[in-house]
Amino acid sequence: MEILQKSFSDSNYFTIIFLHGFPYDSRMWKYQFDLGNVNLAALDLLGAGSKKTERLFSLEAMVDIAFSEIYSLGWKNILLSGLSMGGYVALRMLEKYPSFFRGAIFFDTRSEADSNEVKIKRAQNIKLLLENGIEKFVENFVPLTVAPNALEENPSLKTELLEIAKSQNAEGLASQLLAMQGRTDTTHVLSEISIPSLVVCGELDSITPPESMKNFASKIPNSLFEVVPKAGHMAPIEKPEIVNQIINNFINNLPK
Ligand code: MLT
């Protein structure tokens, strides 16, 4: 089991588990490892990073494998955090294990299952991935995940994101697309979330725009909604200082 992690001996600390978005892996959270006074772990979801595979799998398998890793860390006071696809996994995990977590942080995600239009788009993307290969696919896809012009304005962000995305394999990403296409709707879970929750969205996110994230947050009792100025769908890596400050404020106000 390969997990990016940083832990302190103080058992009173909170622990954040980060679940990445598509088509990336745990390395997208590298700047969140600058957060202090909190234990951190970023997992690779099935099909990405250390869990690349050529085998087919479902979102349920992604959830089960991630949960067994989280459980085996043996940490307490866990805040579950997921971005987009990682958020789909987090929501299903909260549905299955509602009393396991102490808090939740959702980045740029949604609870609804795929519409027919999105299902067809996923089928096209699976075809593109398998027929043209990963390089071409990610070169077209990665710019959609950040704010307009972000890659031109920030060449190191471009290098980082392309490097992570290109190191995946076509079969693993295709299977993640199929898994997302087949996931359940978890909208009913939102109103049942009773742990403190933070919902964060990039101001310029075109995949899960602020209006839809605001609506998502409004369904979670006592949630806090924050918009990250000038960020797209990948706020934690586009604007890490702002995101880390938002996370710190949330943690500092949690009941101990
Ligand atoms: C992601 O960022 O994980 C994807 O945009 C999720 C999706 O394609 O639904």
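Model, not experiment: these values are computed from the prediction.

What counts and what doesn't
- Position numbers for residues count from 1 along each chain, tracking the sequence in the order it is written.
- Only residues with pLDDT of at least 70 get local features here, since the model is predicted, and only at 80 or more are side-chain atom pairs given and counted; chain-wide, interface and lining totals rely on the full set of residues.
- Water and hydrogen atoms play no part in the side-chain values, which are based on all heavy atoms of the structure.
- Put simply, DSSP H or I for four residues or longer makes a helix, DSSP E for two residues or longer makes a strand, and each gets a number counted from the N terminus.
- Any residue under 20% of the maximum accessible area for its type is buried, any over 50% is exposed, and the rest in between are partly exposed; the area is computed with a 1.4 Å probe on protein chains only.
- Polar contact is the term for a pair of N or O atoms within 3.5 Å; when the atoms are in protein, one must be able to donate a hydrogen and the other to accept it, and sequence-neighboring residues count only if both atoms are side-chain atoms.
- Pairs of residues are marked as contacts when any of their non-hydrogen atoms sit within 4.5 Å.
- Note that the arc is defined by the directions from the helix axis to the C-beta atoms.
- Only the six-membered ring of Trp is used, alongside the rings of Phe and Tyr, when aromatic pairs are assigned; centres must lie within 6.5 Å, and planes under 30 degrees apart are stacked while those over 60 apart are edge-to-face, with the rest tilted.
- Think of it as a cone above the ring: NZ of Lys or CZ of Arg counts as a charge over the ring if it is within 6 Å of the ring centre and within 35 degrees of the ring normal.
- Whether two strands pair depends on DSSP finding at least two bridges between them.
- Whether a crossover is right-handed comes down to one check: with the strands pointing away from the viewer, does the path from the first strand over the helix to the second run clockwise; if it does, it is right-handed.

Caption draft 1: Region of interest: the side chain of Glu160. You can see Glu160 is positioned in helix α6 (residues 155-166). Note on Glu160: relative accessible area 16%, which makes it buried. Within the local environment of Glu160, its side chain forms a polar contact with the side chain of Tyr31, the two groups lying 2.5 Å apart. Those residues within four positions of Glu160 in sequence are excluded, and the remaining contacts are Lys30, Tyr31 and Ile237.

Caption draft 2: Broad picture of helix α4 (residues 134-141). Within α4 the residues assigned to the buried category are Ile134, Phe137, Val138 and Phe141. Buried residues of α4, seen end-on, are gathered within an arc of 90° and therefore sit on one face of the element. Among the exposed residues of α4, those pointing more than 90 degrees away from its buried face are Lys136 and Asn140. Residues of α4 that are buried in the fold lie against α3 (116-132), α6 and α7 (170-181).

Caption draft 3: Seen up close, the packing of aromatic side chains. Here the structure, examined in full by the defined rule, presents 12 aromatic pairs. Judged by centre distance (5.4 Å) and plane angle (20°), the rings of Phe137 and Phe141 are stacked. On the criterion of helical spacing, the pair formed by Phe137 and Phe141 is a turn pair, its members being 4 residues apart in helix α4. Both residues of the pair, Phe137 and Phe141, count as buried. The aromatic ring of Tyr88 is capped on one face by Arg183, whose charged end is 3.7 Å from the ring centroid.

Caption draft 4: Region of interest: the side chain of Ser175. Within the secondary structure, Ser175 is located in helix α7. Taking relative accessible area as the criterion, Ser175 reaches 1% and is therefore assigned buried. Aside from chain neighbours lying at most four places away, what touches Ser175 is Arg55, Leu56 and Phe57.

Caption draft 5: Up close: the pairing of strand β3 (residues 38-43). Among the 6 residues that make up β3, 6 are buried, leaving the element largely enclosed by the rest of the structure. Here β3 shows two buried faces, one formed by Val38, Leu40 and Ala42 and the other by Asn39, Ala41 and Leu43. Pairing of strand β1 (residues 4-6) with β3, which is carried by 3 bridges, proceeds in the antiparallel orientation. By the bridge assignment for β3, Gln5 is matched with Ala41.

Caption draft 6: Spatial organisation of the pairing of strand β7 (residues 223-228). Two strands pair when backbone bridges link them, and strand β6 (residues 197-202) and β7 are joined in this way by 6 bridges, in the parallel orientation. Bridged to Gly202 within β7 is Val228. For the crossover from β6 across helix α9 (residues 210-218) to β7, the handedness is right-handed.

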